[in-house]
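# A structural walkthrough
Next come the chains, spelled out residue by residue.
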Amino acid sequence: MANQALQQEFRVVVENVLNRWTALRLAVEHGMGGPLGLNTAIELIDYVTSYCTENKHVDSIDLREVLEEIMDQEFETICEDDSTHEISNILIKYLLKLKEGKSEEVHAELNLMPSCEKWIISGAKIKYKPMDDSSESGNDEADQEDMEVEQISTMANSQATPSTEGSSTNFVEENIDPGWTPVRGRRRR
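Now for a quick tour of the structure. The structure displayed is predicted, hence computed values, not measured ones. (Residues numbered from 1 in each chain as written. Predicted model: local features only at pLDDT ≥ 70, side-chain atom pairs only at ≥ 80, totals over all residues. Heavy atoms only, no water.)

## Quick look at the environment of Leu-91
- Within the element layout of this structure, Leu-91 appears in helix α5 (residues 83–99).
- By relative accessible area, which is 0% here, Leu-91 ends up buried.
- Separated by 39 residues in the primary sequence, Leu-91 and Cys-52 place their C-alpha atoms 8.8 Å from one another.
- Each residue touching Leu-91, except ones within four places of it in the same chain, is listed here: Phe-10, Val-13, Val-14, Val-17, Val-48 and Leu-63. (Helix = DSSP H or I, 4+ residues; strand = E, 2+ residues; numbered from the N terminus. Buried < 20%, exposed > 50% of the residue type's maximum accessible area, 1.4 Å probe, protein only. Contact = heavy atoms within 4.5 Å.)

Written as structure tokens, this is what we have:
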């Protein structure tokens with residue numbers, strides 16, 4: 001099979017497989033590839049296609065290492081589910097079949113796969129999901145919140161007062177298990 005024809009046939013396979021790769025999709029949806037994560041996923045298809053068809057002796061271990069490196073560097077994602085191993089095995093299996101001239105068998109197997117949304121295409125709309133990364137703190141004052149601290153007392157009739165005049169901390173007495181101090185966020189006005 002001529003190299004150009006092999007690349008075209010294999011690109012279809014790579015598109016089908018990578019569109020089904022949950023780790024890649026989650027990385028793009030969660031913004032791990034930055035604002036251009038979808039473009040990086042499109043480039044990944046082209047790169048994997050070229051890498052596999054232009055190298056004479058590529059195997060699943062080599063491809064797995066390439067996928068792991070790309071996921072780590074471009075998407076800041078490490079796939080602990082061993083999906084890079086599975087993806088690389090599938091791609092190499094189909095590459096070898098295409099090199100043996102079994103393109104009809106490859107297309108038949110691809111058609112047997114359950115249908116999936118082709119999301120790695122130019123102009124696709126990705127729904128970005130906000131990440132809950134509480135370990136980072138923002139420096140923007142608009143994002144800063146005042147915290148309202150409530151002191152908890154088990155004595156129902158005692159009156160707690162702030163320790164300094166003009167304090168913005170409000171102490172409210174509640175009957176809650178001693179030892180817990182609820183902290184509630186409040187936006188600046």
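## Comments concerning the packing of α5 against helix α6 (residues 103–112)
- Relative orientation of the contacting elements α5 and α6 amounts to 145 degrees, with a least axis distance of 7 Å. Taken together, the residues of α6 that come into contact with α5 (itself represented by Lys-93, Tyr-94, Lys-97 and Leu-98) are Ser-103, Glu-105, Val-106, Glu-109 and Leu-110.
- For the contact of α5 with α6, the per-class residue count stands at four nonpolar, one polar and four charged. (Axes fitted to C-alpha atoms, helices over the stretch in contact; angles between N-to-C directions. Nonpolar A, V, L, I, M, F, W, Y, C, P; charged D, E, K, R; others polar.)

## Let's talk about the layout of surface pockets
- Reported here for the largest pocket is a volume of approximately 150 Å³.
- Taken together, Asn-16, Val-17, Arg-20, Trp-21, Thr-22, Ala-23, Asp-81, Ser-83, Glu-86, Ile-87, Ile-90 and Met-113 form the lining of the largest pocket.
- Listing elements by their share of the lining of the largest pocket, those giving two or more residues are α1 (3–19), α2 (22–29) and α5.
- Of all the elements, α5 adds the most residues to the lining of the largest pocket, at four residues.
- Taken together, the residues of the lining of the largest pocket break down into six nonpolar, three polar and three charged. (1 Å grid on protein atoms, 1.4 Å probe; cavity = no way out; pocket = protein on both sides within 12 Å on 5 of 7 lines; lining within 4 Å. Points joined across faces, edges and corners; volume = space filled by probe spheres on them.)

## Remarks on the pattern of salt bridges
- For the structure shown, the criterion picks out nine salt bridges.
- One salt bridge connects Glu-29 with Arg-25, and the closest N-O pair in it is separated by 2.9 Å. Residue Glu-29 and its partner Arg-25 are located together in helix α2, separated by four residues, close to a single helical turn.
- Residue classification places Arg-25 among the partly exposed residues on the basis of a relative accessible area of 22%. (Salt bridge = Lys/Arg side-chain N within 4 Å of Asp/Glu carboxyl O.)

## Observations regarding α2
- Among the residues making up α2, those that are buried are Ala-23, Leu-24, Ala-27, Val-28 and Glu-29.
- Buried residues belonging to α2 abut α1, α3 (37–54), α4 (60–75) and α5.
- In the stretch just after α2, Gly-31 is the one whose phi turns positive, near 75 degrees.

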